[in-house]
Amino acid sequence: MAKIITIERHILETQKQFPEATGAFTNLMYDMALAAKIIARETTRAGLAGILGAADDHNVYGEQQQKLDVFADQMIFKINDHTGRLCAMASEEHEGLIEIPPHFDTGKYVLLYDPLDGSSNIDVNVSIGTIFAVHRKVTTGERGTLDDLLQPGRKLAAAGYVIYGSSTMMVYSTGHGVHGFTLDPGVGEFLLSHENIRIPPQALYYSANQGNQKYWTTGVNRFIQHLQGMEGEPRKPLGHRYIGSLVSDIHRNLLRGGIFIYPGDLQKPNEPYGKLRLMFEAQAMAFLVEQAGGYASDGLGSILDIQPYSLHQRVPLFIGNRDLVELAEAYIRRYDQDWIAAYRPFRERASQPA
Ligand code: AHG
Ligand code: MN
Ligand code: MN
């Protein structure tokens, strides 16, 4: 019989190999696995429990929140607020830094999360996810500050996602490869199912919201025509698959090979940065995909090198097989100098003198 490795055992064994990993950090990963199990339970019972549908609230982007977004957001906070492992948190659903309540101890990590990703897919029974990222505290006070949260992805201590699909999976990396665990609902444990995930060298799919094509820049359009086998070097066309849940789209491409694209455009020249959030979506996914041998870019360079300036800043995202992402960059350099001129100040904003 094959060895059965729970996520707990895997975390503990990894910790032995890498002495820099502390007990606090190990437990933080385990806390996220617990949050994932509880959110998975709710997402699968959501229709029955009658908690589907939009809540009254809108989130900080003016988008209508679904009730499960609120549930997942509060669950992740509650599981992590009192453990003494974190000094601050931030969530896609909250405007500012989330403080650890004053009566609880603080620790040396910060947690950023998108509690439910792809929430427009909840009501139609399509896969959704959770994304999380962990940075080390860099300031010296007892409580965490924005400086602890606003670090480039290159400095991440860990990142992961959970996908609530035909099965529930948690995929995470602490910078030593990417490992995937599938939830066995009968025993309530995540079991190691995908050890050391590497993105296959031959891409099968491209994923983009083709409905936005009229807004795409010339370089992005030509690049996608290339993926369809109609532009530049002849190639076999890639299949087009787009779910509209970042986690699910990237998970599929990570296992099968492919590229996910959510570009910036000049539809509103003052907002050339696309839709996805750097701190809650792009950083974590970029860290995981690079750990699996791929690459993630905003069209100019690595997502992981961007020094953030705001918790909720948005960023263009090209992520997947390295050769394809680099080719996207080349098309953008060649055809999209006007877009680059509009977007570059956002990429470099945090490094400019105030
Ligand atoms: P969220 O549900 O957390 O707001 O994220 C939705 C995101 C992401 O999951 C997905 O890739 C993208 O929105 C889809 O956007 P379009 O509907 O514009 O294609
Ligand atoms: Mn999201
Ligand atoms: Mn979300």
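Remember, it's a predicted structure, so these values are computed and weren't measured experimentally. (Residues numbered from 1 in each chain as written. Chains lettered and ligands numbered in written order. Predicted model: local features only at pLDDT ≥ 70, side-chain atom pairs only at ≥ 80, totals over all residues. Heavy atoms only, no water.)

*Asks:* Any details on the overall build of the protein chain? Residues and values, ideally.
*Replies:* Helix and strand content of the protein chain: 9 helices and 14 strands. For 354 residues, the compact-globule formula gives about 20 Å, and the C-alpha radius of gyration of the protein chain, at 20 Å, lands near that figure. Expressed along its principal axes, the backbone C-alpha trace of the protein chain runs to roughly 55 × 55 × 45 Å. The burial tally for the protein chain puts 55% of its 354 residues in the buried class. Of all intrachain contacts in the protein chain linking residues separated by at least 6 positions in sequence, the fraction that spans at least 24 positions is 63%. Accessible surface for the protein chain amounts to roughly 15300 Å². Of this, 49% is attributable to carbon and sulfur atoms. Averaging the positions of the 33 positive and the 40 negative side-chain charges in the protein chain gives two centres separated by 5 Å. (Helix = DSSP H or I, 4+ residues; strand = E, 2+ residues; numbered from the N terminus. Rg over C-alpha atoms; globule rule 2.2 N^0.38 Å. Buried < 20%, exposed > 50% of the residue type's maximum accessible area, 1.4 Å probe, protein only. Contact = heavy atoms within 4.5 Å. Areas by Shrake-Rupley, 256 points an atom, 1.4 Å probe, with all protein chains shown as cover. Lys, Arg positive; Asp, Glu negative; His and termini not counted. Charge placed at Lys NZ, Arg CZ, Asp CG, Glu CD.)

*Asks:* How would you summarise the sheet that holds strand S14 (residues 317–320) if you had to cite specific residues and measurements?
*Replies:* A sheet is described by the order of its strands in space; here 5 strands give the open sequence S11-S10-S12-S14-S13, paired in mixed fashion. Each edge of the sheet is formed by a strand with only one pairing partner; in this case those strands are strand S11 (239–240) and strand S13 (295–297). Of the strand pairs in this sheet, strand S10 (residues 205–207) and strand S12 (residues 258–262) are connected by 3 bridges, and their pairing is parallel. The partner of Ser-207 across the bridge, within S12, is Phe-260. In the packing of helix H5 (residues 218–227) onto the sheet, the strands contacted are S10, S12 and S14, and the crossing angle to S12 comes to about 155 degrees. (Pairing = 2+ DSSP bridges. Axes fitted to C-alpha atoms, helices over the stretch in contact; angles between N-to-C directions.)

*Asks:* Explain empty space enclosed by the protein residue by residue, including any values.
*Replies:* For the structure shown, the criterion picks out 3 cavities of 30 Å³ or more. Put simply, the largest cavity is a space of about 40 Å³. Every residue along the wall of the largest cavity is listed here: Ile-306, Tyr-309, Gln-313, Arg-314, Val-315, Tyr-343, Phe-346 and Arg-347. Classifying every residue of the lining of the largest cavity by side-chain character gives 5 nonpolar, 1 polar and 2 charged. (1 Å grid on protein atoms, 1.4 Å probe; cavity = no way out; pocket = protein on both sides within 12 Å on 5 of 7 lines; lining within 4 Å. Points joined across faces, edges and corners; volume = space filled by probe spheres on them. Nonpolar A, V, L, I, M, F, W, Y, C, P; charged D, E, K, R; others polar.)

*Asks:* An account of the coordination of the manganese ion (ligand 3) is requested, with residue identities and associated values reported.
*Replies:* Coordination of the manganese ion (ligand 3) by the protein comes from Glu-92 (OE), Asp-114 (OD) and Leu-116 (O), over a distance range of 2.2 to 2.3 Å. In this structure, the manganese ion (ligand 3) is positioned 3.7 Å from the manganese ion (ligand 2), and both are ligated by Asp-114. Note on accessibility: Asp-114 and Leu-116 belong to one class, buried. (Donors = N, O, S within 2.8 Å, 3.2 Å for Na, K, Ca; no water.)

*Asks:* Hey, could you go over the coordination of the manganese ion (ligand 2) for me, with residue numbers and the actual values?
*Replies:* Octahedral six-donor coordination of a metal ideally yields angles of 90 or 180 degrees, compared with 109.5 degrees for tetrahedral four-donor coordination. Looking at the manganese ion (ligand 2), the protein donor atoms are Asp-114 (OD), Asp-117 (OD) and Glu-281 (OE), and they sit 1.8 to 2.2 Å from it. Judged by relative accessible area, Asp-117 falls into the buried class, the value being 5%.

*Asks:* Quick rundown of the layout of surface pockets? Include the residues and the values.
*Replies:* Rolled over the atoms, a probe as big as a water molecule pinpoints where empty space is left. Taken as a whole, the second largest pocket holds about 320 Å³ of empty space. Contributing to the lining of the second largest pocket are 16 residues, with Tyr-262, Asp-265, Gln-267, Gly-274 and Lys-275 lying nearest its centre. Taken together, the residues that form the lining of the second largest pocket break down as 6 nonpolar, 5 polar and 5 charged.

*Asks:* Account for the sheet that holds strand S7 (residues 168–173), with residues named and values stated.
*Replies:* Read from one edge of the open sheet, 7 strands run S3-S4-S5-S6-S7-S8-S9, paired in mixed fashion. Looking at strand neighbours, the two that pair on one side only are strand S3 (86–91) and strand S9 (189–194), the edges of this open sheet. When strand polarity is set aside, the average angle formed by the axes of neighbouring strands in this sheet is 20 degrees. In this sheet, S9 lies alongside strand S8 (residues 179–184) in antiparallel orientation, the contact comprising 5 bridges. Counterpart to Thr-182 in the pairing with S9 is Leu-191. Where helix H1 (residues 7–17) meets the sheet, it contacts S7, S8 and S9, and its direction lies at approximately 5 degrees from that of S7.

*Asks:* Can you explain the domain arrangement of the protein chain? Please cite residues and give values.
*Replies:* You'll often see interface size given as the accessible area lost when the parts meet. Domains assigned within the protein chain are domain 1 (7–194) and domain 2 (205–349). Put simply, the middle of domain 1 and the middle of domain 2, counted by C-alpha atoms, are 24 Å apart. Facing 49 residues of domain 1, the contacting portion of domain 2 comprises 32 residues. At the boundary of domain 1 with domain 2, total buried surface from both sides reaches about 3000 Å², with 62% on carbon and sulfur atoms. Contact with domain 2 buries area across many residues of domain 1, yet Leu-150, Arg-154 and Tyr-161 alone supply 22% of it, more than any other trio. Across the domain 1-domain 2 interface, the total number found is 3 salt bridges. Remark: the boundary between domain 1 and domain 2 carries 17 residue pairs in polar contact (both at pLDDT 80 or more). Elements represented by at least two residues in the side of domain 1 that touches domain 2 include exactly S3, strand S4 (109–117), strand S5 (128–136), helix H4 (146–149), strand S6 (158–164) and S7. For the side of domain 1 that touches domain 2, the element with the highest residue contribution is S5, accounting for 7 residues. In terms of residue class, the side of domain 1 that touches domain 2 is built from 25 nonpolar, 18 polar and 6 charged. (Domains from an automatic or database assignment. Buried area = accessible area lost by both parts, 1.4 Å probe. Salt bridge = Lys/Arg side-chain N within 4 Å of Asp/Glu carboxyl O. Polar contact = N/O pair within 3.5 Å; in protein donor to acceptor, adjacent residues only side chain to side chain.)

*Asks:* Requested: an account of the nonpolar core, with residues and values cited.
*Replies:* Residues Phe-223, Met-285, Ile-303 and Leu-317 are the most contacted members of the largest nonpolar core, which totals 68 residues. Among the elements that line this core, the one with the most residues is helix H7 (residues 278–291), at 10 residues. The residue makeup of this core includes at least three contributed by each of domain 1 (7–194) and domain 2 (205–349). Non-local contacts of Leu-317, meaning those with residues more than four positions away in its chain, are made with Leu-246, Phe-260, Ile-261, Tyr-262, Leu-276, Ala-282, Ala-296, Ser-297 and Ile-303. Judged by nonpolar contacts, the second largest core, of 41 residues, contains Ile-5, Met-32, Ile-122 and Ala-157. (Core = buried A, V, L, I, M, F, W, Y, C linked by side-chain atoms within 4.5 Å.)

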